[in-house]
Amino acid sequence: MTLRKRTLALCIAALTSPTALASEASAGAAAAAEAADQPTTLDAVQAVGTEPARYHNDASASVLGVDAPLFNTPRSVVVLPEQILLDQKVTQLDEALKNVSGVSRGDGFGGTNDDFFLRGFRRDNVYRDGRRLAANQRNPTTDIESIEVIKGPASLLFGAIEPGGVVNIVTKKPQAQPRRYLEATFDEYGKRHLLGDFTGALDGDGTLLYRLSASYEDSDTFRDGKQVERTVISPSLTWRPSERDELTFSYHYYDETLPIDRGAIVGRYADGERRIMKTPRSRSFGESWENSWSTGNSLDAQYQHRFNEHWDAVVGYTYQKTESHDLQVRAYDFYAVDTTIGRRTLPAGTLIRNVAGNNPYDIDSGQYNARLTGRFEPAGMKYTVMAGVDGGYTDTNAGELTGDNEAANAFIGRPLFNVFAPVYGNLQPTSATLSRTARTDLDFRGVYVQNILQPNENWLLTAGLRRDWYEVASRNQSYDEGRPVGTAAVADREWSDNSYQLGASYEFAPGLAVYASRATSFTVHPFFNYDPRSLPQTGKQWELGLKGNLFADRLQFTVSWFDLRKTNIPAFNPDSTGTLDRYRFIGEARSRGIEFDATLRITEGFNLIASYADFDYEITRDPDPALLGKTNANVAPRSGNLWGSYELRDGAWRGLGFGAGVNYVSKRYGDDDNTWSMPSYTLFDAGVWYYVPVGDNANLRFQLTVKNLADKRWYYASDGDRFAPSVRIGDPRTALVSVAYRF
């Protein structure tokens, strides 16, 4: 068979529509075989459209260290492939996570980093190819191949981590098959985003592969005076000197200027009730100079070697360095009604603001990893054993800035800011001076072992144990007008703890499996070192579930029930007298409920992805009875998402696609004291795209996407401030236009 015929056969097999679910595989194979015997021309194999199963992911659960499909894994794991991001026109990680059940968005330091809650608990870090990102940052989708979300405690393979789960970015790796992709995206508010992705072989025999993903954004936003500028460059190189060896180098660089935007102010009225102030969505209470500036560099090297058919090993090292600083305007106090202070009456809407910032906020981090895996088949069973070590360091150097405070203006008659009639320029960035420095040096290491046993085709059993060691050294110094005040607070602490994971999955009928798991976690809060009474945080979870893989893999779903508990939870201390008691530690909180995630391929080109969560989070144990029953701010007890797309596979209009979706988030509290709430919201999005062939194996994709079709006014997160809280304002109706060229 000629190369031309083989290529055509593969394309026809992928695009042929069977008449019934059960006969899909055989019908596709027959069509491919028949096509292979016919005379053809290259014109018939122009690349049009995307894979029929565009939202399915059949990868093994390697992120959990299990050499088995996700269907057989006794944990709830969701994988979002890149195609979902393209169809929904998602360019940020936090927006992509709306497709995953049980995820709530947080304020994210005024929108400058990815901040979200998993099963009610705030995440601490995002992972990239299984390695922790040392700095909290806002992750664009420039080089994302897929997003893996592991629900519940995952310390066994990831070390010290929050118990809600893990979000792991899987980056695009070098491929032997050449691929080149360019895209430009614009919107009505001034978004300008360019993206490129290139991969292929650098030599004739495919032993040296490359990949280069890059993006540039220079955008205005719907918020007055708020612009985004970001450059991302991610090259990688893979060398395969033999069938048993592979060495991959990856570099990631970003340079960004992001606006710090606190959104809308929440006022307290005479009756004690708090309400979100209805000001224009475009209006900001900050200043034009209010930004976060960050530059990051990351270099990763991973070497894999297969000793024989039973044993293989992976060793690697990751170095990260970020340099950041910011200037911000914070809400200090707010008067929702006319208020008299001294001889001056402050009109309703008066906002007292102050200048703050961080300079520097630098992080230097190194992480090593090594894993040995053995696979055997004793007595017809499949047995996998895995042992590994990991560790490293993270050094943080930070300086806090404080500046002008408008509170004094109320007494001396100087201008004040009013959210209903704003006048900018009262605050100056040059007023910010150093008020505190903080140096934290963290050293960590861990060792783990995991066993996976498949006695037969129906059962899968897992058991793993891990031991972690942490050493934290810190030094904090207060400053006044640039001069040290008092004696620096110095502390050094060490801690170690165990975590484990147990699980079982049983396929009781073809395509249906029940599972159960028990997992624990361990982590240390950044302020752990300041208070000698504090203890590390621990998490424990029971999870039961049902997984389905039915109708020739057309329907994939997971339904899970979980009971997740966390102890020693840090919370701001309202009675704080300084640095050492800035936090108090809550005894225990529990999150319990159900989650549902599914993908469905109804017909060729007609795909759905759906998710829903319903759970309760509450504090269950603490010496202060007033805290019992309270829940975290921003955590939505109920949420759901549905997105569907249909793409014509043949005929005159093949390559024409449509997509539409709805996202629902329930009412949730805006503060940890549970004194006020943010309203629920339901958003509708839609898109249409068309692939135009422009030569052999090349096409243009034109896409129009409209987000928030009903132009709903919505708020997705609160900053939780006790005195003058604010809420993040969601985007109004926005039309995005993009043009992509794949060749």
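For the structure, check the block above.
Every value quoted in this text rests on a predicted model; they were computed, and no experiment measured them. (Residues numbered from 1 in each chain as written. Predicted model: local features only at pLDDT ≥ 70, side-chain atom pairs only at ≥ 80, totals over all residues. Heavy atoms only, no water.)

1. Concerning the overall build of the protein chain
Phase 1: Counting its secondary structure elements, the protein chain contains 7 helices and 39 strands.
Phase 2: Sorting the 743 residues of the protein chain into buried and exposed places 54% on the buried side.
Phase 3: Taking as baseline every contact in the protein chain between residues at least 6 positions apart, the subset at least 24 positions apart corresponds to 68%.
Phase 4: Accessible area for the protein chain stands at about 31,500 Å²; split by element, carbon and sulfur atoms hold 56% of it. (Helix = DSSP H or I, 4+ residues; strand = E, 2+ residues; numbered from the N terminus. Buried < 20%, exposed > 50% of the residue type's maximum accessible area, 1.4 Å probe, protein only. Contact = heavy atoms within 4.5 Å. Areas by Shrake-Rupley, 256 points an atom, 1.4 Å probe, with all protein chains shown as cover.)

2. Notes on the pattern of salt bridges
Phase 1: Applying the stated criterion to the full structure yields 46 salt bridges.
Phase 2: Taking the shortest distance from any N to any O, the salt bridge between Glu95 and Lys707 comes out at 2.8 Å. Of the two residues, Glu95 is situated in helix 4 (residues 93-96) and Lys707 in strand 36 (residues 699-707); the sequence distance between them amounts to 612 residues. Each member of the pair, Glu95 together with Lys707, is buried.
Phase 3: Across the pair Arg649 and Glu647 runs a salt bridge whose closest N-O atoms are separated by 3.1 Å. No difference in accessibility class separates Arg649 from Glu647, as the two residues are buried.
Phase 4: When salt bridges with common partners are traced through the structure, they connect Glu82, Lys172, Arg179, Asp197 and Arg211 into a single cluster. (Salt bridge = Lys/Arg side-chain N within 4 Å of Asp/Glu carboxyl O.)

3. Quick notes on the sheet that holds strand 14 (residues 264-268)
Phase 1: Pairing in this open sheet of 4 strands is antiparallel, and the strands run 15-14-38-37 from one edge to the other. Both outer strands of the open sheet, strand 15 (274-276) and strand 37 (715-718), are each paired with one neighbouring strand and no more. Each neighbouring strand pair of the sheet contributes to a mean axis angle of 30°, computed without reference to strand direction.
Phase 2: Pairing geometry for strand 14 and strand 38 (residues 726-729), over 2 bridges, is antiparallel. (Pairing = 2+ DSSP bridges. Axes fitted to C-alpha atoms, helices over the stretch in contact; angles between N-to-C directions.)

4. So, the side chain of Ser645
Phase 1: Looking at where Ser645 falls in the secondary structure, it is placed in strand 31 (residues 638-647).
Phase 2: For Ser645, a relative accessible area of 2% corresponds to the buried category.
Phase 3: There is a polar contact of 2.9 Å between the side chain of Ser645 and the side chain of Tyr55.
Phase 4: Other than its neighbours up to four places away in sequence, Ser645 contacts Arg54, Tyr55, Asp87, Gly605, Phe606, Asn607, Phe658, Gly659 and Trp689. (Polar contact = N/O pair within 3.5 Å; in protein donor to acceptor, adjacent residues only side chain to side chain.)

5. Re a nonpolar patch on the surface
Phase 1: A contiguous nonpolar surface patch, about 580 Å² in accessible area, is contributed by Tyr251, Leu299, Tyr317, Tyr319, Tyr368, Val389 and Val447.
Phase 2: Relative to the helices and strands, Val447 resides in strand 23 (residues 433-454). (Patch = residues over 30% accessible without salt bridge, like charges linked within 9 Å, V, L, I, M, F, W, Y side chains within 5 Å.)

6. So, the side chain of Asp197
Phase 1: Topologically, Asp197 is positioned in strand 10 (residues 192-201).
Phase 2: Overall, Asp197 belongs to the buried group, its relative accessible area being 0%.
Phase 3: Reaching out from Asp197, the side chain makes a polar contact with the side chain of Arg179 at a distance of 2.4 Å.
Phase 4: Only 2.7 Å separates the side chain of Asp197 from the side chain of Arg211, close enough to count as a polar contact.

7. Section: unusual backbone geometry
Phase 1: For the peptide bond that leads from Asn359 to Pro360, omega is 5°, which places it in the cis range.
Phase 2: Checked against the element boundaries, Pro360 lands in strand 20 (residues 350-376).
Phase 3: You will see that Asp129, though not glycine, has its phi angle at about 55°, which is positive.
Phase 4: Overall, the relative accessible area of 18% leaves Asp129 in the buried class.

8. Re the pairing of strand 17 (residues 311-335)
Phase 1: Here 16 bridges tie strand 16 (residues 291-306) to strand 17, and the two strands are oriented antiparallel to one another. Counted as the bridge partner of Gly296 is Thr322 from strand 17.
Phase 2: Counted between consecutive antiparallel strands, the loop separating strand 16 from strand 17 contains 4 residues.

9. Notes on the nonpolar core
Phase 1: Counting 22 residues, the largest nonpolar core has Leu97, Ile147 and Val167 as its most contacted members.
Phase 2: Those elements giving two or more residues to this core turn out to be strand 1 (77-81), helix 3 (82-88), helix 4, strand 3 (116-118), strand 7 (144-151) and strand 8 (165-171).
Phase 3: Element by element, the count of residues in this core is highest for strand 7, at 3 residues.
Phase 4: Dropping the residues within four chain positions of it, Ile147 is found in contact with Val78, Val79, Leu80, Leu85, Leu93, Ala96, Leu97, Val167 and Asn168.
Phase 5: Counting 14 residues, the second largest nonpolar core, distinct from the first, contains Phe117, Ile586, Tyr617 and Ile619. (Core = buried A, V, L, I, M, F, W, Y, C linked by side-chain atoms within 4.5 Å.)

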